[in-house]
Amino acid sequence: MIKIDSNLIKKLRSLTGAGFLNCKKALFATNNNIEESIDYLRKNDQYYAYNRSNNITKNGVIFTGISDNFAAIVEINSETDFVSRNIFFLDFAKKIISFTLKEKITELCKLIDLFDDERHTLISKFGENINIRKLSTLNGGTNITLGSYVHNMYLGALVSLDKVDKEFSKHIAMHIVSYRPEYIYIKDVPIKLLDHERSVYLALAGKLCKSNKILKKYVNGKIKKFIKNIVLTEQNFLLSPKKKVKNVLLEKGIKIIDFVCFRVGE
């Protein structure tokens with residue numbers, strides 16, 4: 001008899017929203033494997049918290065900046081929202097992004113080392129931990145536009161385009177912050193990921209007791225929706241909802257080279 005760890009049941013419930021008995025059954029069926037248990041629950045239509053694992057677990061701020069064909073985005077965390085909105089904490093964060101842009105810092109470990117003394121000073125001041133958690137950068141150049149957007153210091157994005165259009169680069173960054181895609185084009189999505197999603201939808205479809213034609217349509221529809229959720233160019237453009245991003249790009253003769261999106265705590 002497989003012994004089910006109560007801590008694993010608790011963890012699985014927090015990740016999926018499934019009930020105690022369903023989580024216990026899933027763990028038993030998968031020999032206490034969390035990842036396989038999540039798939040088990042999804043295939044049995046008992047997964048109620050898709051992406052719940054991405055919920056915010058920490059407080060903090062996100063800052064972006066662009067200077068001399070160099071764009072940066074940083075995330076600095078604190079334990080409480082009270083500290084992350086304090087003027088001393090915000091000044092610390094602003095100093096970090098300014099220095100990053102000036103010196104074109106691309107390595108997080110280097111940034112952490114350079115500001116470690118000031119970070120510890122703030123830790124002593126506030127009595128809670130403070131971390132420089134994430135850093136990402138993009139490079140510009142001839143005929144390459146860098147854009148950025150931050151929403152309430154909570155969500156932020158950088159984007160690079162292959163054509164000079166500062167206004168549009170900001171609009172695309174706004175879209176990325178709002179829809180939070182993971183890939184630019186369908187071709188960028190790993191085949192393994194699509195196969196995995198298809199296997200889940202096939203398992204669910206098998207419970208519908210419909211004809212093969214209807215089941216195929218159901219699965220294809222689910223895959224299409226999944227792709228739209230994660231692929232930037234397949235999403236409806238934030239500022240022109242009747243058009244997909246790829247159509248807007250085609251009209252403007254622009255291609256997206258790269259993008260980065262941060263959300264506090266993820």
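Refer to the structure printed above.
An account of the accompanying structure is given in this report. Nothing here was measured: the structure is a model prediction, and the numbers come from that model. (Residues numbered from 1 in each chain as written. Predicted model: local features only at pLDDT ≥ 70, side-chain atom pairs only at ≥ 80, totals over all residues. Heavy atoms only, no water.)

Section: the nonpolar core
So, point 1. Core analysis: the largest hydrophobic core is formed by 23 residues, its most contacted members being Val74, Ile76, Phe92, Ile96, Leu111 and Ile130.
So, point 2. Going through the elements one at a time, strand 1 (59-66), strand 2 (70-78), helix 5 (87-103), helix 7 (116-126) and strand 3 (130-139) are the ones with two or more residues in this core.
So, point 3. The biggest single contributor to this core is helix 5, with seven residues.
So, point 4. Apart from residues no more than four positions distant in its own chain, isoleucine 96 is found in contact with Val74, Ile76, Leu111, Phe115 and Ile132.
So, point 5. Membership of the second largest hydrophobic core comes to 18 residues, among which are Leu155, Ile172, Leu249 and Phe259. (Core = buried A, V, L, I, M, F, W, Y, C linked by side-chain atoms within 4.5 Å. Buried < 20%, exposed > 50% of the residue type's maximum accessible area, 1.4 Å probe, protein only. Helix = DSSP H or I, 4+ residues; strand = E, 2+ residues; numbered from the N terminus. Contact = heavy atoms within 4.5 Å.)

Here we look at the pattern of salt bridges
So, point 1. What the rule picks out here adds up to eleven salt bridges.
So, point 2. For the salt bridge of lysine 104 with aspartate 68, the shortest nitrogen-to-oxygen distance reads 3.1 Å. In this pair, lysine 104 sits in the loop between helix 5 and helix 6 (108-114) while aspartate 68 sits in the loop between strand 1 and strand 2, placing the two residues 36 residues apart along the sequence.
So, point 3. A single network of salt bridges, built from pairs that share partners, joins Arg180, Arg263 and Glu266. (Salt bridge = Lys/Arg side-chain N within 4 Å of Asp/Glu carboxyl O.)

Thoughts on the packing of aromatic side chains
So, point 1. Scanning the model with the defined rule gives three aromatic pairs in all.
So, point 2. Relative to phenylalanine 115, the ring of phenylalanine 99 lies with its centre 5.5 Å away and its plane at 85 degrees, an arrangement referred to as edge-to-face. Note that phenylalanine 99 is positioned in helix 5 and phenylalanine 115 in the loop between helix 6 and helix 7, a separation of 16 residues in sequence.
So, point 3. Phenylalanine 99 sits in the partly exposed class, given a relative accessible area of 29%.
So, point 4. Owing to a relative accessible area of 4%, phenylalanine 115 belongs among the buried residues under this scheme.
So, point 5. Judged by centre distance (5.9 Å) and plane angle (55 degrees), the ring pair of phenylalanine 168 and phenylalanine 237 falls under tilted. Taken together, the residues phenylalanine 168 in helix 8 (residues 166-179) and phenylalanine 237 in strand 6 (residues 236-237) connect sequence positions 69 residues apart. With respect to class, phenylalanine 168 is no different from phenylalanine 237; both count as buried.
So, point 6. Grouping aromatic residues by their ring pairs yields a cluster made of Phe92, Phe99 and Phe115. (Phe/Tyr/Trp six-rings, centres within 6.5 Å; stacked < 30°, edge-to-face > 60°.)

As for the pairing of strand 1
So, point 1. Of all eight residues in strand 1, six are buried; the element is thus mostly enclosed.
So, point 2. Direction of pairing for strand 1 relative to strand 2: antiparallel, over a ladder of eight bridges. Bridging from a neighbouring strand, threonine 64 pairs with isoleucine 73 of strand 2.
So, point 3. Here strand 1 folds back onto strand 2, and the loop between the two strands holds three residues, one of which, aspartate 68, carries a positive phi near 50 degrees. (Pairing = 2+ DSSP bridges.)

Observations concerning the environment of proline 181
So, point 1. With respect to the helices and strands, proline 181 occurs in the loop between helix 8 and helix 9 (191-205).
So, point 2. We classify proline 181 as buried; its relative accessible area is 6%.
So, point 3. In this structure the C-alpha to C-alpha distance between proline 181 and isoleucine 227, which are 46 residues apart in sequence, comes to 9.5 Å.
So, point 4. For proline 181, the residues in contact, after removing those within four places along its chain, are Ile176, Asn229, Ile230, Val231, Leu232, Gln235 and Phe259.

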